[in-house]
Every structure is written in structure tokens, then in C-alpha cells.
Amino acid sequence: MTASTATLDRTCEGLCLAFSAQLIPNGFRKQGHRSALDTLLMLAIAQANLAPLARDPEFQKTYAGLEASPPDDMRRPARVRAIATSLGVPQETARRRVVALAEAGILAMSDDGVILPQAFTCSPHAVEMAMETWNTFTQFYANLRRAECLSAVPAATPDQPPPVRQMMRLWVDHFLRLIEALMPMVGDPFSVVMLFAILDGSLAAGDGKSVSASAIARSLGLPFESVRRNALRIADNGLCQKVGRGYLIPPELMEEPRWRAFSERHAQILMRFFAVMREQHLLGCWEAQYLAQGGRPAA
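In this text the structure is predicted, and so the values were computed from the model without any measurement.

**Some thoughts on the layout of surface pockets**
Okay, so step 1: One number sums up the size of the second largest pocket: a volume of about 310 Å³.
Okay, so step 2: In terms of lining residues, the second largest pocket is bounded by 17 residues, among which Ala 44, Gln 47, Ile 83, Ser 86 and Leu 176 are the most central.
Okay, so step 3: Looking at the lining of the second largest pocket, the elements that each hand over two or more residues are α2 (36-50), α4 (80-87) and α8 (164-186).
Okay, so step 4: Taken together, the residues of the lining of the second largest pocket sort by class into 10 nonpolar, 2 polar and 5 charged.

**Looking at the packing of helix α7 (residues 124-146) against helix α12 (residues 257-279)**
Okay, so step 1: With their axes 13 Å apart at the nearest point, α7 and α12 run at an angle of 100 degrees to one another. Judged by the angle between their axes, α7 and α12 are roughly perpendicular. Taken together, the residues of α12 that come into contact with α7 (itself represented by Phe 137, Phe 140, Tyr 141 and Leu 144) are Leu 270, Met 271, Phe 273 and Phe 274.
Okay, so step 2: Across the contact of α7 with α12, the residue classes break down as 8 nonpolar, no polar and no charged.

**Thoughts on the pattern of salt bridges**
Okay, so step 1: Overall, the coordinates contain 10 salt bridges when judged by the stated rule.
Okay, so step 2: Note that Arg 95 is salt-bridged to Glu 92, the shortest N-O span being 2.7 Å. Taken as a pair, Arg 95 and Glu 92 lie in helix α5 (residues 91-103) at a separation of 3 residues, close to a single helical turn.
Okay, so step 3: Judged by relative accessible area, Glu 92 falls into the partly exposed class, the value being 40%.
Okay, so step 4: Where Glu 225 meets Arg 228, a salt bridge forms, and the shortest distance between an N and an O atom there is 2.5 Å. Of this pair, Glu 225 and Arg 228 both sit in helix α11 (residues 224-236), separated by 3 residues, roughly a single helical turn.
Okay, so step 5: Ionic contacts of the salt-bridge type, sharing partners, join the residues Glu 13, Arg 260 and Glu 264 into one network.

**Here we look at the packing of aromatic side chains**
Okay, so step 1: Taken as a whole, this structure holds 19 aromatic pairs when the rule is applied.
Okay, so step 2: Their ring planes at 40 degrees and their centres at 5.2 Å tell us that Phe 59 and Tyr 63 sit as a pair that is tilted. Tyr 63 matches Phe 59 in its accessibility class, with the two residues each being buried.

**Side note on the sheet that holds strand β5 (residues 246-248)**
Strand pairing within a sheet occurs via backbone hydrogen bonds; the two strands may be parallel or antiparallel.
Okay, so step 1: Judged by pairing direction, the sheet is antiparallel, and its 3 strands sit side by side in the order β3-β5-β4 without closing on themselves. The sheet is open, and its two edges are formed by β3 (211-212) and β4 (241-243), each paired on a single side.
Okay, so step 2: Here β3 runs beside β5; their pairing, made up of 2 bridges, is antiparallel. Its bridge partner being in β5, Ser 212 is matched across the sheet by Gly 246.

**Notes on the environment of Ile 179**
Okay, so step 1: The topology assignment puts Ile 179 in helix α8.
Okay, so step 2: Once the C-alpha coordinates of Ile 179 and Phe 190 are considered, the two residues, 11 residues apart in sequence, prove to be 9.0 Å apart.
Okay, so step 3: With residues near it in sequence (within four places) discarded, Ile 179 still touches Pro 189, Val 192 and Val 193.

**Observations concerning the confidence of the model for the protein**
Okay, so step 1: On average, residues of the protein score 88 in pLDDT, and 92% of them reach the 70 mark or higher.
Okay, so step 2: Least confident of the elements in the protein is helix α1 (residues 3-29), whose mean pLDDT is 80; most confident is strand β2 (residues 113-115), at 97.

**Structural notes on unusual backbone geometry**
Okay, so step 1: Here the phi dihedral of Glu 148 falls at roughly 65 degrees; this positive angle occurs in a residue that is not glycine.
Okay, so step 2: Within the element layout of this structure, Glu 148 appears in the loop between α7 and α8.
Okay, so step 3: Even without being a glycine, His 281 presents a positive backbone phi close to 60 degrees.
Okay, so step 4: Along the polypeptide, His 281 turns up in the loop between α12 and α13 (284-292).
Okay, so step 5: The class for His 281 is exposed, based on a relative accessible area of 70%.

Calculation rules
- Residues numbered from 1 in each chain as written.
- Predicted model: local features only at pLDDT ≥ 70, side-chain atom pairs only at ≥ 80, totals over all residues.
- Heavy atoms only, no water.
- 1 Å grid on protein atoms, 1.4 Å probe; cavity = no way out; pocket = protein on both sides within 12 Å on 5 of 7 lines; lining within 4 Å.
- Points joined across faces, edges and corners; volume = space filled by probe spheres on them.
- Helix = DSSP H or I, 4+ residues; strand = E, 2+ residues; numbered from the N terminus.
- Nonpolar A, V, L, I, M, F, W, Y, C, P; charged D, E, K, R; others polar.
- Axes fitted to C-alpha atoms, helices over the stretch in contact; angles between N-to-C directions.
- Parallel < 35°, antiparallel > 145°, perpendicular 65-115°, else oblique.
- Contact = heavy atoms within 4.5 Å.
- Salt bridge = Lys/Arg side-chain N within 4 Å of Asp/Glu carboxyl O.
- Buried < 20%, exposed > 50% of the residue type's maximum accessible area, 1.4 Å probe, protein only.
- Phe/Tyr/Trp six-rings, centres within 6.5 Å; stacked < 30°, edge-to-face > 60°.
- Pairing = 2+ DSSP bridges.
- pLDDT = per-residue confidence, 0-100.

Quick look at the structure:
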């Protein structure tokens with residue numbers, strides 16, 4: 001590996017970490033009353049519902065745009081046991097949360113399993129979250145292009161609608177893979193989310209200030225004791241430092257071997273997401289936005 005290649009790789013890793021530190025905790029914070037566990041369950045159920053159609057090009061084309069959410073009869077019901085196993089959470093805990101979400105009208109349960117219905121995916125909140133995720137990725141793509149971490153693709157024409165829902169399906173798939181891949185380094189899916197919340201706070205402060213366990217618990221909708229226990233485990237694993245009543249990820253810690261391995265694996269999965277988007281010719285809208293910015297950061 002040449003020095004220039006190594007520098008480019010480190011630049012890409014840094015951009016990927018900054019992106020996830022922004023997107024992942026913020027996405028969980030904006031789920032209203034729902035906890036981080038509820039959000040993870042909803043994402044895993046949504047992914048499982050449409051997994052049989054993931055490689056169907058006609059389906060992907062038909063249900064690519066924001067206004068085209070697949071109807072419920074196309075969603076294969078998922079078994080709670082399988083979802084709990086995939087996330088590494090106790091089955092009874094998952095069952096209780098799924099029942100509560102169904103009683104709240106968010107999920108739909110039947111004898112065959114559970115789905116995240118069209119009524120929710122077309123709700124104003126879900127549409128707003130999808131567009132916010134799309135816009136965050138638009139800027140992330142521009143940052144990667146400016147850093148020469150991605151090569152150019154043909155730009156979309158103004159009459160091409162953004163493939164927001166197709167992108168979201170691909171992103172949820174890669175996000176769950178990201179959680180699964182990083183769990184052995186961190187412990188469990190909640191700790192992965194918590195780690196990015198700590199990183200977000202560390203990057204935002206920029207002056208050595210730590211983020212408290214109580215602040216993380218409030219923002220993610222998790223019990224304080226669970227957050228405190230998991231944060232201590234993250235610190236014991238060498239991925240953050242306990243500073244007083246809070247937790248911090250200083251720049252020097254991110255040079256340690258364990259953080260380097262975490263950062264490299266994280267960037268590999270995110271760049272694979274962009275590779276799949278390229279293969280499916282879905283980057284054109286982001287490229288058009290990047291060119292419209294003239295290669296300069298957005299104001």
C-alpha cells in the first residue's frame with residue numbers, strides 16, 4: 001500500500017465515522033417515544049418482510065420512489081424468534097416490545113408473524129425520516145466525492161425522481177449488517193448504537209468534554225442502568241474512556257489497534273453500500289447534487 005493510498009483510506013474511514021456518528025444516533029433520537037430496541041426491531045422486521053423481493057429488479061424499479069411503498073400483501077410476515085436471534089436480544093424481550101408496538105398500531109401481527117405495514121411506512125413521520133436520511137446521504141456522498149473516495153458516475157437528469165425507498169431498503173440491509181459485524185467488537189446492538197452516540201458527543205464537543213450516561217439514556221430511550229452498564233463494558237473493551245460521570249472517545253484512543261480494526265470494518269461496510277448503489281445505477285441523483293454544488297461544501 002502506498003502512502004497516498006493509506007492516506008486516502010484513513011480519510012475515507014474518518015468521513016465514514018463522522019457520518020455514522022451523525023446519522024445513527026440522530027435517527028434513534030427522532031423516533032419519538034420509541035426506544036432504541038423498538039427502532040431496531042422495526043428495522044429488522046421491515047427488512048425481513050421484503051427480503052424475498054430484494055433481488056427482483058422489477059419490484060425495485062416499481063417501488064423505488066418516495067410515493068411508492070409496497071402494499072402489505074407483498075410483505076412476508078417475520079417470526080419474532082428469528083428477529084430476536086438476528087439482533088442478539090432475548091426472545092421474550094423482543095416479543096413484549098413487538099406486542100406493545102402492535103397495540104400502538106405501528107406493527108401488524110397475525111398467526112403468520114409480524115409486518116411493518118404500509119400505513120406506517122407512508123406516515124408523515126416515516127416519510128420525513130426517509131427524506132432526512134436521503135439528504136444526509138446526499139451530503140455524505142458529496143464529502144466522499146470531494147475527498148476522491150468515490151469516482152464519478154453519470155448524473156441523473158432533472159426529470160428522474162430520487163429512488164428514496166429503494167435506497168432506504170438497501171441502507172437498512174447494510175445497517176443491520178453493520179450492527180452484526182461490529183457486535184463482536186462491542187458486545188450487543190445497543191452498545192454499537194451507544195458507541196456512535198458517544199462518538200457523536202465527542203466530535204461535537206471537540207474539547208475533551210465527555211457525554212454522560214444519563215444524556216445517552218434520555219436521547220436513545222434506554223434505561224439508565226442499561227446504558228451505564230453497557231458504557232462501562234465499551235470502556236473495558238478499549239473503545240471509549242470513562243471520564244468522571246461521562247464517557248469520551250479522544251483522538252488518540254482512535255489510533256489504538258482495537259479502534260483501528262473497528263474503523264476499518266465500519267468503512268468497508270459503508271463503502272460496500274455505495275458499491276451496491278453504483279451497481280444498481282442509483283447514485284445519479286447524488287452525483288447531480290454534488291455537481292450542482294460545484295464540488296464545494298454545502299452552505
